[in-house]
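Listed below, chain by chain, are the residues.
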Amino acid sequence: MPRTFHEAKAALAAGTASVAAMTKAALAEAGAKAQLNIFVELFPESALEKAAEVDAKLARGQAGPLAGAIISIKDNLCYAGNRVSAASRMLEGYTSPYSATVVERILAADAVIIGRTNCDEFAMGSSNETSAHGPVGNPLDPARVPGGSSGGAAASVAAGLCHMALASDTGGSIRQPASFCGIAGFKPTYGRVSRYGLIAFASSFDQVGPLAHDVADVESLQKVIAGPDPRDNTSSHRPFAVPQVPAKLKVGYYTQCVDHPGLDPEIKAHVEHQLERLRAAGHEVVPMELAMAELFVPAYYILSTAEASSNLARFDGIRYGHRAQQAEGVEEVFRKSRSEGFGPEVKRRILLGTFVLSAGYYDAYYGQGMRVRRLIRDNTLHALSGVDVMLTPTCPATAFPHGHISDPVAMYLQDIFTVQANLAGVPAISIPAGRHSNGMPFGIQLMAKPFDDERLLAIARHAFGA
Ligand code: GLN
């Protein structure tokens, strides 16, 4: 199977490939790499059926823009008639009654959906280790994590089991696994892509987006999923940006990010090298002050857990989810069902989120968190309004071995460079940057103004060769 979607399209046009043959190859390869635990479930029947339909459409010259694309979907996106579990025991056996808008759109564009990918439980995590389906092996070194929460999504692309993946990003869940697996991952502007049919974690942060080997493929998928949706009232009608790349770019960077004590020295050296390269190519490179950086992770974890505690209240064994067998009365059904259905990380977040929303503490934590978020957003927008893109590392380090980070706070600090984009609602992409001397890949992140998504992708392609 050709590695990328654009190569697949070229092979189809040249008559040297068929969608059915690629789908068969992808399914066989996924089976051969089953020990990586990337897929929770493959959809061989519907995938092969769709592939045959797309081949017939191609022969008639009537195929959609994603004809030839083999795509995986994260296990928190609803696909009518199929199981979806958010990698939780809570949703064991649950079948989606409808499809997410993004799933409908890629099918209408003639993509083949090959299966649903493993992830952290309810997308809470940075290593894919909180999944009820077990951890995922990084295809580049199975002893290491693929990142999270979209670990299976990134691994499905990096392992060559599909061309592209659809996933969600609440605080970095697309970009961090992309960095750990050596591929590209894009979090669109909040509101650019419909969240209808995405199992909610933190609704004011969540955004669906693509992962792929390169930015050209990210663009192909993003074009199909972006745009307003009457079923998601936070989806935007803002017109699409013209993806024009000025010959001379203004690239910002935060000195605090580059000098961050937790940043791996080789990643730091690479970022500095990139800045030097841009300067030498005639672009303007501007150092900027990052205000309130120490509050990004705390604000994110206060607000996202508050939203999660509210979103996950519906999983009570009655409205949704696992129901405890031995329970009497409503109260006990709720308590036992939730105790049995949720894993430890999800419980920790629900407890924290419920606490910060509780009457006596609401103002000190949730209210304060909201005010801090507003200031972070204002500062971020102000900084981004003066540049074409902002360059940062994606992650402080490369993929770590399984079981290596057991302290939750240390795990949360994985998100230091990625949560800003979610707090501010701006678009951000992680593009493959290089290889560390430990053999693992890492990415760099580019952020832009809200709704500058298309220009951001074009800049990533032209100025960074991604
Ligand atoms: N690692 C972050 C968290 O655990 C981000 C998760 C995400 O983006 N879904 O919350």
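Heads up: the structure comes first, above all this text.
Because the structure is a prediction, the values reported are computed rather than measured.

Student: Pulling in residues and values, what's your account of the state of the cysteines?
Tutor: Within the structure shown, the criterion is met by 0 disulfides. The closest cysteine sulfur to the non-disulfide-bonded C162 is located on C181, 11 Å from its own sulfur. When its relative accessible area of 0% is taken as the criterion, C162 is described as buried. Just so you know, C395 is unpaired, no disulfide at all, and the nearest cysteine sulfur is the one on C181, 10 Å from it.

Student: So what about the site of the ligand? Which residues, and what values?
Tutor: For the ligand, the set of nearby residues contains 15 residues, the closest of which are T170, G171, S173, Y300 and R349. Between the ligand and G171 there is a distance of 2.6 Å, counted from an oxygen atom to a backbone nitrogen or oxygen. Note that a nitrogen atom of the ligand is positioned 3.1 Å from one of the side-chain N or O atoms of D415. Across the complex, the protein chains shield 100% of the 290 Å² of accessible surface that the ligand would expose by itself. A class-by-class count of the residues in the shell around the ligand yields 5 nonpolar, 7 polar and 3 charged.

Student: Describe unusual backbone geometry, with residues and values.
Tutor: S149 follows G148 through a cis peptide bond whose omega is 5°. With respect to the element layout, S149 can be found in the loop between β3 (112–117) and α5 (151–158). Look at M292: it is not a glycine, yet its phi comes out positive at around 60°. You can see M292 is positioned in the loop between β8 (284–288) and α10 (296–311). With a phi angle near 65°, F451 is a residue other than glycine that sits in the positive phi range. Tracing the backbone through its elements, the reader meets F451 in the loop between β11 (441–447) and α16 (453–464). Exposure remark for F451: the relative accessible area of 13% places this residue in the buried category.

Scoring rules and cut-offs
Residues numbered from 1 in each chain as written. Predicted model: local features only at pLDDT ≥ 70, side-chain atom pairs only at ≥ 80, totals over all residues. Heavy atoms only, no water. Disulfide = S-S within 2.5 Å. Buried < 20%, exposed > 50% of the residue type's maximum accessible area, 1.4 Å probe, protein only. Near = heavy atom within 4 Å. Polar contact = N/O pair within 3.5 Å; in protein donor to acceptor, adjacent residues only side chain to side chain. Areas by Shrake-Rupley, 256 points an atom, 1.4 Å probe, with all protein chains shown as cover. Nonpolar A, V, L, I, M, F, W, Y, C, P; charged D, E, K, R; others polar. Helix = DSSP H or I, 4+ residues; strand = E, 2+ residues; numbered from the N terminus.

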